[in-house]
Amino acid sequence: MAIHKLDLGEFDEIDYYLIAIHTSLEDYRLAFFINQKLPINLSKSENEIQINIKEGETNFSRFYYNDIESTITWNLIQNKNEVVQYKKGNTQNLFSDVTMEVATKVFLLPEFKKVDYFLKIENNDDAMDISKIQLLLNTIDSISTVYIVDTNQIKSKNNLIF
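Residues numbered from 1 in each chain as written. Predicted model: local features only at pLDDT ≥ 70, side-chain atom pairs only at ≥ 80, totals over all residues. Heavy atoms only, no water.

*Asks:* Report on the nonpolar core, specifying residues and quantitative values.
*Replies:* Counting residues in each nonpolar core, the largest one holds 24 residues, and the members touching the most others are Ile21, Ile34, Trp74, Leu76 and Leu137. Of all elements in the fold, only strand E1 (16-23), helix H1 (27-37), strand E6 (72-78), strand E9 (117-122), helix H2 (130-138) and strand E10 (143-149) reach the threshold of two or more residues within this core. In contact with leucine 76, other than residues within four places in its own chain, are Ile21, Asp27, Leu30, Ala31, Ile34, Leu42, Ser61, Arg62, Phe63, Tyr117, Phe118 and Leu119. Leu18, Val115, Phe118 and Leu160 belong to the second-largest nonpolar core, a separate cluster that totals 17 residues. (Core = buried A, V, L, I, M, F, W, Y, C linked by side-chain atoms within 4.5 Å. Buried < 20%, exposed > 50% of the residue type's maximum accessible area, 1.4 Å probe, protein only. Helix = DSSP H or I, 4+ residues; strand = E, 2+ residues; numbered from the N terminus. Contact = heavy atoms within 4.5 Å.)

*Asks:* Please provide a residue-by-residue account of the pattern of salt bridges, values included.
*Replies:* For the structure on display, the rule yields three salt bridges. Between lysine 120 and glutamate 122 there is a salt bridge, with its nearest N and O atoms 3.6 Å apart. The pair lysine 120 / glutamate 122 is uniform in exposure class, with both members buried. (Salt bridge = Lys/Arg side-chain N within 4 Å of Asp/Glu carboxyl O.)

*Asks:* Give a detailed account of the environment of lysine 155, specifying residues and quantitative values.
*Replies:* Assignment of secondary structure puts lysine 155 in the segment after E10. Among the residues examined, lysine 155 registers a relative accessible area of 75% and is labelled exposed. Along the sequence, lysine 155 and proline 110 sit 45 residues apart, while their C-alpha atoms lie 8.7 Å from each other.

*Asks:* With reference to specific residues and values, describe the side chain of histidine 22.
*Replies:* With respect to the secondary-structure elements, histidine 22 resides in strand E1. Within the local environment of histidine 22, its side chain forms a polar contact with the backbone oxygen of lysine 114, the two atoms lying 3.0 Å apart. Each residue touching histidine 22, except ones within four places of it in the same chain, is listed here: Lys114, Val115, Asp116, Ile143, Ser144, Thr145 and Tyr147. (Polar contact = N/O pair within 3.5 Å; in protein donor to acceptor, adjacent residues only side chain to side chain.)

*Asks:* Break down unusual backbone geometry for me, citing the residues and quoting the values.
*Replies:* Non-glycine residue threonine 71 carries a positive phi angle of around 50 degrees. Within the element layout of this structure, threonine 71 appears in the loop between strand E5 (62-67) and E6.

*Asks:* Would you mind going over the environment of aspartate 67 in detail, with residue names and values included?
*Replies:* Structurally, aspartate 67 can be placed in strand E5. Along the chain, aspartate 67 and asparagine 41 lie 26 residues apart, while their C-alpha atoms are 8.9 Å from each other.

*Asks:* Account for H2, with residues named and values stated.
*Replies:* The complete set of buried residues in H2 reads Ile130, Ile133, Gln134 and Leu137. The buried residues of H2 occupy an angular sector of 100 degrees when the element is viewed end-on, so they sit on one face. The exposed set on the far side of H2, more than 90 degrees from its buried face, consists of Lys132 and Leu135. Residues of H2 that are buried sit in contact with E1, H1, E6, E9 and E10. (Arc of directions from axis to C-beta.)

*Asks:* Before we move on, could you go through the sheet that holds E10 and cite the residues and values that matter?
*Replies:* Either a parallel or an antiparallel arrangement is found when strands of a sheet pair, and the pairing is made through backbone hydrogen bonds. Strand order in the open sheet made by the six strands is E2-E5-E6-E9-E1-E10, with antiparallel pairing throughout. With one partner strand each, in any of the chains shown, strand E2 (43-44) and E10 form the two edges of the open sheet. As defined by bridge partners, E1 adjoins E9 across six bridges and the pair is classed as antiparallel. Note that in E9 the partner of tyrosine 17 across the bridge is isoleucine 121. Here H1 sits on the sheet and contacts E1, E2, E5, E6, E9 and E10; the angle it forms with E6, its principal contact strand, is near 150 degrees. (Pairing = 2+ DSSP bridges. Axes fitted to C-alpha atoms, helices over the stretch in contact; angles between N-to-C directions.)

Scope: geometric values only; no functional claims are made or implied.
Below, the structure written as structure tokens:
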């Protein structure tokens, strides 16, 4: 009888670039400006990224483009969102029947709390010039900072599997 052994190191291989974007733009406006600067056509995806935490669940918006010719997949992903909880007051005072709304900030990648969006470029080959993409994104007026994230430093890599 043959024994088949799986090496989990094969599944840990990272085949994407991750670009962090700091901006005050709404997601749809950012996608529009990126489409103007890069030869891609990001569009709103029906499949948002769902994250469950102890306070509840939240969805992060996602814009998607699949370049069939070069087999590269582009994802613009929101990093910050809120979970809203409704709590009823349990004290015996004037406000005991008031329902309070408590909002908790949630991050797709908690180790990058200052980042507003991520541009994930998958199935890339070595021919792609990621620094040129970074320079083009930096030319968008409303973007304050763009930088390439070292994917080996990400602790919550599982949140990027979708």
